[in-house]
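Here are the chains, one letter per residue:
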Amino acid sequence: MTTLTKEAGTPSPAGAGTLLSVRDLHVSFKTEDGIVKAVNGLSFDLQRGRTLGIVGESGSGKSVTNLTVLGLHNPQFTTVEGEILLEGQELTTARESELEKLRGNKVAMIFQDPLTALSPYYTVGRQIAEPYMKHNGASKRAAWDRAVEMLGKVGIPNPKERAKDYPHQFSGGMRQRAMIAMALVCDPDLLIADEPTTALDVTVQAQILDLLKDLQQEFGTGIIFITHDLGVIADMADDIMVMYAGGAVERGTVDEVLRSPQHPYTWGLLNSMPRLDADLDAPLEPIPGAPPSLLTPPSGCPFHPRCTFQDRVEFRDRCVDVRPLLGPDRGSACHLTAEQKRTIFIEEIKPRLG
Ligand SMILES: Nc1ncnc2c1ncn2[C@@H]1O[C@H](COP(=O)(O)OP(=O)(O)OP(=O)(O)O)[C@@H](O)[C@H]1O
Ligand SMILES: [Mg+2]
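Quantities reported herein were computed from a predicted structural model and do not represent experimental measurements.

## Brief notes about the overall build of the chain
Stage number 1. Secondary structure summary: the chain contains 12 helices and 13 strands in total.
Stage number 2. In terms of overall dimensions, the chain is globule-like: its C-alpha atoms have a radius of gyration of 22 Å, near the 20 Å expected for 354 residues.
Stage number 3. Viewed in the frame of its principal axes, the chain has a C-alpha envelope of about 70 × 45 × 40 Å.
Stage number 4. The burial tally for the chain puts 50% of its 354 residues in the buried class.

## Digging into unusual backbone geometry
Stage number 1. Look at E87: it is not a glycine, yet its phi comes out positive at around 45 degrees.
Stage number 2. Positive phi is not limited to glycine here, since A245 has a value of about 50 degrees.
Stage number 3. Of note, A245 is situated in the loop between strand 10 (239–244) and strand 11 (247–253).

## Here we look at the site of ligand 1
Stage number 1. Looking at ligand 1, there are 14 residues lining it, with S58, G59, K62, S63 and V64 nearest.
Stage number 2. Here K62 contributes a side-chain N or O atom positioned 2.8 Å from an oxygen atom of ligand 1.
Stage number 3. Within the backbone of V64, a nitrogen or oxygen atom sits 2.8 Å from an oxygen atom of ligand 1.
Stage number 4. In the complex, the protein chains occlude 63% of the 640 Å² of accessible area that ligand 1 would expose alone.
Stage number 5. Elements that contribute at least two residues to the shell around ligand 1 include exactly strand 2 (18–31) and helix 1 (62–69).
Stage number 6. A class-by-class count of the residues in the shell around ligand 1 yields 4 nonpolar, 7 polar and 3 charged.

## As for the environment of I192
Stage number 1. Mapped onto the fold, I192 is located in strand 8 (residues 190–194).
Stage number 2. For I192, a relative accessible area of 0% puts it in the buried group.
Stage number 3. A C-alpha to C-alpha distance of 24 Å links I192 and H168, two positions 24 residues apart in sequence.
Stage number 4. Other than its neighbours up to four places away in sequence, I192 contacts N66, V69, L70, V107, A108, M109, I110 and I224.

Here is what the cut-offs are and how they apply
- Residues numbered from 1 in each chain as written.
- Chains lettered and ligands numbered in written order.
- Predicted model: local features only at pLDDT ≥ 70, side-chain atom pairs only at ≥ 80, totals over all residues.
- Heavy atoms only, no water.
- Helix = DSSP H or I, 4+ residues; strand = E, 2+ residues; numbered from the N terminus.
- Rg over C-alpha atoms; globule rule 2.2 N^0.38 Å.
- Buried < 20%, exposed > 50% of the residue type's maximum accessible area, 1.4 Å probe, protein only.
- Near = heavy atom within 4 Å.
- Polar contact = N/O pair within 3.5 Å; in protein donor to acceptor, adjacent residues only side chain to side chain.
- Areas by Shrake-Rupley, 256 points an atom, 1.4 Å probe, with all protein chains shown as cover.
- Nonpolar A, V, L, I, M, F, W, Y, C, P; charged D, E, K, R; others polar.
- Contact = heavy atoms within 4.5 Å.

From the geometry alone we can't say anything about function, so treat these as descriptive.
Have a look at this one:
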């Protein structure tokens with residue numbers, strides 16, 4: 001059964017200084033079980049030189065969104081609707097040859113597992129030099145020198161010699177650095193980092209994060225940083241977007257979202273008391289229920305089946321029927337005002353928690 005969902009709110013246009021602008025993005029996959037609606041009406045902006053952190057449970061559409069920006073889905077099974085503007089260039093309708101020119105050049109990506117990006121058959125130096133030759137028309141010699149320079153920049157000791165090594169001769173942390181060198185060799189305007197440090201130990205993770213910050217300072221790169229680690233987000237990001245069921249449910253600066261989260265899902269995610277009531281610091285009850293099916297998403301607000309507030313008679317119809325949308329500015333996709341949530345929280349939820 002499908003329920004028609006009305007939508008509230010309209011995304012506003014992007015402003016100057018915007019590097020990437022995503023508007024009303026929908027991505028769905030044809031599968032044997034039906035159509036998986038992985039991204040549903042997502043809008044966001046990334047400003048030049050800033051870092052946008054994306055958080056959300058597993059399956060909320062973080063990776064799909066970013067792979068769509070890079071045009072990496074198989075068009076045979078994927079439907080993409082909406083707008084993705086990179087410095088004004090529309091990517092959803094771009095030809096594969098145009099996307100090829102952008103990937104590794106204007107836009108680069110780093111992943112959790114560097115071995116998905118590095119080939120075992122070529123030296124690390126060659127793999128960093130290759131995109132530089134391809135996109136800049138540099139000579140073999142110049143590209144090799146550039147690869148050595150990049151390896152030095154990402155903190156590989158003795159880069160001249162190490163450039164001749166194969167990936168298996170590098171440690172995990174060094175491979176991650178090599179992948180970053182490869183991603184940054186063409187000085188991309190946009191870097192997408194999808195859990196780039198999850199597999200690394202804490203010390204190496206801290207070094208890689210510092211490295212990314214330094215390189216961002218140097219090159220002015222806009223970064224989209226996806227992670228489950230809110231500590232990393234607090235450290236790395238300027239802005240945060242919280243995703244749920246393929247949409248944004250809250251966004252703002254790191255300070256705004258971490259200090260005064262507005263969406264009931266964000267509260268659960270932060271696993272802390274909403275700062276609606278300053279004298280209360282008991283932990284919040286975990287969010288009951290499971291993430292929704294993307295084959296048959298819930299009507300209205302996708303979070304309503306799990307939300308503490310949806311069973312209130314006065315809000316129920318709206319929460320069940322109308323999907324609250326979030327534009328690219330600070331806010332949360334919730335029908336209730338902060339004041340309404342605060343009142344219910346103090347009068348009903350707080351006494352229940354004891
Ligand atoms: N090629 C595909 N075909 C069908 N479904 C897909 C495909 N790629 C992703 N999905 C589905 O889309 C949804 C969103 O996936 P996505 O990988 O974006 O999640 P995520 O937020 O990155 O999660 P995680 O934190 O686990 O990395 C999931 O339900 C996933 O199973
Ligand atoms: Mg992912």
